[in-house]
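Breakdown of the fold
Residues per chain, in single letters:
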Amino acid sequence: MVRPYAIKGHKRKRREENYDKEEVEQLLEEETAATATQDENKAEEITHELPGIPLVPFKSNNKTGVTFILERACLEVAKVGKSYQLLSSEDHANFLRKNNKNPADYRPDILHQALLTILDSPLNKAGRLRAVYVRTEKGVLFEVKPHVRIPRTYKRFSGIMLQLLQKLSITAVGKREKLLRVIKNPVTQYLPVNSRKIGFSYSSEKSTPIQDYVAAVSDDVDLVFVVGAMAHGKISNDYTDDFIAISGYPLSAAWCTYLICGALMQKWNIF
């Protein structure tokens with residue numbers, strides 16, 4: 001006769017596999033709040049390393065700089081089949097339709113392209129990039145350090161974003177430095193005190209070339225640019241000092257950040 005409690009371990013495993021999307025988001029919120037109250041040693045214990053995230057040469061200086069905030073990035077995790085995955089319109093169109101969601105809204109590749117544009121720019125290599133903050137459509141906020149090297153391929157990038165949302169931080173290879181980490185809202189508490197925050201929207205009534213706009217800003221003011229990283233819609237201007245349009249045409253996040261970086265390179269004589 002087989003003892004009825006012999007399958008206890010199997011039942012536990014099945015419960016873990018049925019961990020749904022809502023529970024993952026709740027766990028993320030609970031762990032984010034917990035890490036904010038723990039000391040540094042405790043925080044290091046929950047840091048998870050992801051092999052293959054290298055550091056790049058980075059030059060820091062005390063001059064004024066720039067911070068980017070990428071708003072409304074579509075980074076949503078769900079259980080597809082037997083594993084959790086980062087949802088995208090290209091890979092999960094049928095799954096999204098079955099769950100009454102519009103596949104066109106799930107474009108994490110937009111964030112990938114924008115991050116590559118910012119972090120690969122001479123502006124960053126010259127040490128003028130202060131930080132990049134990303135806020136997801138669900139309101140999760142995380143920081144990307146300027147000296148992280150984002151993977152070139154989207155597949156590798158999606159794996160990193162999946163682990164970041166589940167583990168709350170990504171560290172450098174062979175080191176304990178957190179290159180990406182989930183942080184508490186609001187984003188304004190991390191911005192430089194003497195900074196000007198500029199939002200972008202094609203529908204803004206104020207239209208100006210970005211070169212002219214940044215050239216008119218004082219050299220002793222840090223600049224914060226808020227760019228939408230979603231497929232449609234517009235960002236909130238609750239905390240921006242200005243809201244402008246820099247083109248007569250709708251621009252992708254990657255092209256918008258490219259124009260901003262180019263204008264700042266011209267302003268600060270970076271070649």
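Residues numbered from 1 in each chain as written. Predicted model: local features only at pLDDT ≥ 70, side-chain atom pairs only at ≥ 80, totals over all residues. Heavy atoms only, no water.

In the annotation of an unreviewed UniProt entry, the protein chain is listed under the name Ribosomal RNA small subunit methyltransferase NEP1 and assigned to Vitis rotundifolia. Reading the Sequence similarities (unreviewed entry) entry of the UniProt record for the protein chain gives the comment "Belongs to the class IV-like SAM-binding methyltransferase superfamily. RNA methyltransferase NEP1 family." The UniProt entry for the protein chain carries this comment under Subcellular location (unreviewed entry): "Nucleus, Nucleolus". (UniProt positions renumbered as here; feature names shortened; annotations may be inferred.)

**What about the packing of helix α5 (residues 108-119) against helix α7 (residues 154-167)?**
Contact pair α5 / α7: the axes reach a minimum separation of 10 Å and the direction vectors enclose 100°. In terms of orientation, α5 lies roughly perpendicular with respect to α7. Between α5 and α7, the contacting residues are P108, D109, L111, H112 and L115 on the first element and Y154, F157 and M161 on the second. Tallied by class, the residues present in the contact of α5 with α7 amount to six nonpolar, one polar and one charged. (Axes fitted to C-alpha atoms, helices over the stretch in contact; angles between N-to-C directions. Helix = DSSP H or I, 4+ residues; strand = E, 2+ residues; numbered from the N terminus. Parallel < 35°, antiparallel > 145°, perpendicular 65-115°, else oblique. Contact = heavy atoms within 4.5 Å. Nonpolar A, V, L, I, M, F, W, Y, C, P; charged D, E, K, R; others polar.)

**Structural notes on the pairing of strand β3 (residues 83-86)**
Alternating residues of β3 divide into Y84 and L86, all buried, and S83 and Q85, none buried. Relative to β3, strand β2 (residues 77-80) is paired through four bridges, and the arrangement is antiparallel. Looking at β3, one finds that V80 is bridged to S83. Between the antiparallel neighbours β2 and β3 lie two residues, among them G81 with a positive phi of about 70°. (Buried < 20%, exposed > 50% of the residue type's maximum accessible area, 1.4 Å probe, protein only. Pairing = 2+ DSSP bridges.)

**Examining helix α9 (residues 253-267)**
Its 15 residues place the ends of α9 21 Å apart at the C-alpha level, agreeing with the 21 Å of an ideal helix rising 1.5 Å per residue. Among the residues making up α9, those that are buried are A253, A254, C256, T257, I260, C261, A263, L264 and M265. Each element contacted by the buried residues of α9 is listed here: β1 (66-73), α5, α6 (122-125), β8 (195-200), α8 (210-215) and β9 (222-228). At the exit of α9 stands N269, carrying a positive phi of roughly 55°. (Expected span 1.5 Å × (residues − 1).)

**Some words on the pattern of salt bridges**
The final tally for this structure, using the stated rule, is 11 salt bridges. Measuring nitrogen to oxygen at the nearest pair gives 3.4 Å for the salt bridge that ties D242 to R196. Pair noted here: D242 is in strand β10 (residues 242-244) and R196 is in strand β8, with a separation of 46 residues, a long-range link. The salt bridge involving K267 is made with D219; its shortest N-O contact spans 3.2 Å. (Salt bridge = Lys/Arg side-chain N within 4 Å of Asp/Glu carboxyl O.)

**Side note on the side chain of H147**
Tracing the backbone through its elements, the reader meets H147 in the loop between β5 (141-144) and α7. On the basis of relative accessibility, which here comes to 14%, the residue H147 falls in the buried class. Side-chain polar atoms of H147 contact the side chain of E177, separated by 2.6 Å. (Polar contact = N/O pair within 3.5 Å; in protein donor to acceptor, adjacent residues only side chain to side chain.)

**So, a nonpolar patch on the surface**
Nonpolar side chains collect at one region of the surface, where Y249, L251, W255 and Y258 lie side by side and expose about 480 Å² of accessible area between them. As for its placement among the helices and strands, W255 is situated in helix α9. Judged by its relative accessible area of 44%, W255 is partly exposed. (Patch = residues over 30% accessible without salt bridge, like charges linked within 9 Å, V, L, I, M, F, W, Y side chains within 5 Å. Areas by Shrake-Rupley, 256 points an atom, 1.4 Å probe, with all protein chains shown as cover.)

**With respect to the confidence of the model for the protein chain**
Chain-level pLDDT for the protein chain is 81 on average; 77% of the residues reach the 70-or-more range. Overall, residues 1-21 carries pLDDT values under 50, and its contacts beyond four positions in sequence, including any with other chains, amount to 13 contacts. Throughout residues 35-52 the model reports pLDDT below 50, and contacts reaching past four residues in sequence, or to other chains, amount to 31 contacts. (pLDDT = per-residue confidence, 0-100.)

**Concerning the packing of aromatic side chains**
Counted by the stated rule, this structure contains five aromatic pairs. Between Y133 and Y190, the aromatic rings sit 5.9 Å apart at their centres with planes inclined by 25°, giving stacked as the arrangement. Taken as a pair, Y133 in strand β4 (residues 129-136) and Y190 in the loop between β7 (178-183) and β8 lie far apart in primary sequence, 57 residues in all. Looking at Y190, the relative accessible area reads 27%, which means it is partly exposed. With 5.7 Å between their ring centres and 35° between their planes, F200 and F225 make a pair best called tilted. With a gap of 25 residues between them, F200 in strand β8 and F225 in strand β9 connect regions that are remote in the sequence. F225 carries the same exposure label as F200, and that label is buried. Pairwise contacts between aromatic rings join F68, F200 and F225 into one cluster. (Phe/Tyr/Trp six-rings, centres within 6.5 Å; stacked < 30°, edge-to-face > 60°.)

**With respect to the sheet that holds β8**
Taken in spatial order, the eight strands of this open sheet run β6-β7-β5-β4-β1-β9-β8-β10, and their pairing is mixed. At either end of the open sheet lies a strand with only one pairing partner, and these are β6 (169-171) and β10. The average angle at which neighbouring strand axes cross in this sheet is 20°, direction not considered. As paired elements, β8 and β9 share five bridges and run parallel to each other. Following the sheet pairing, I198 is matched in β9 by F225. Packing against the sheet, α7 makes contact with β5, β6 and β7, and its axis sits at approximately 120° to β6.

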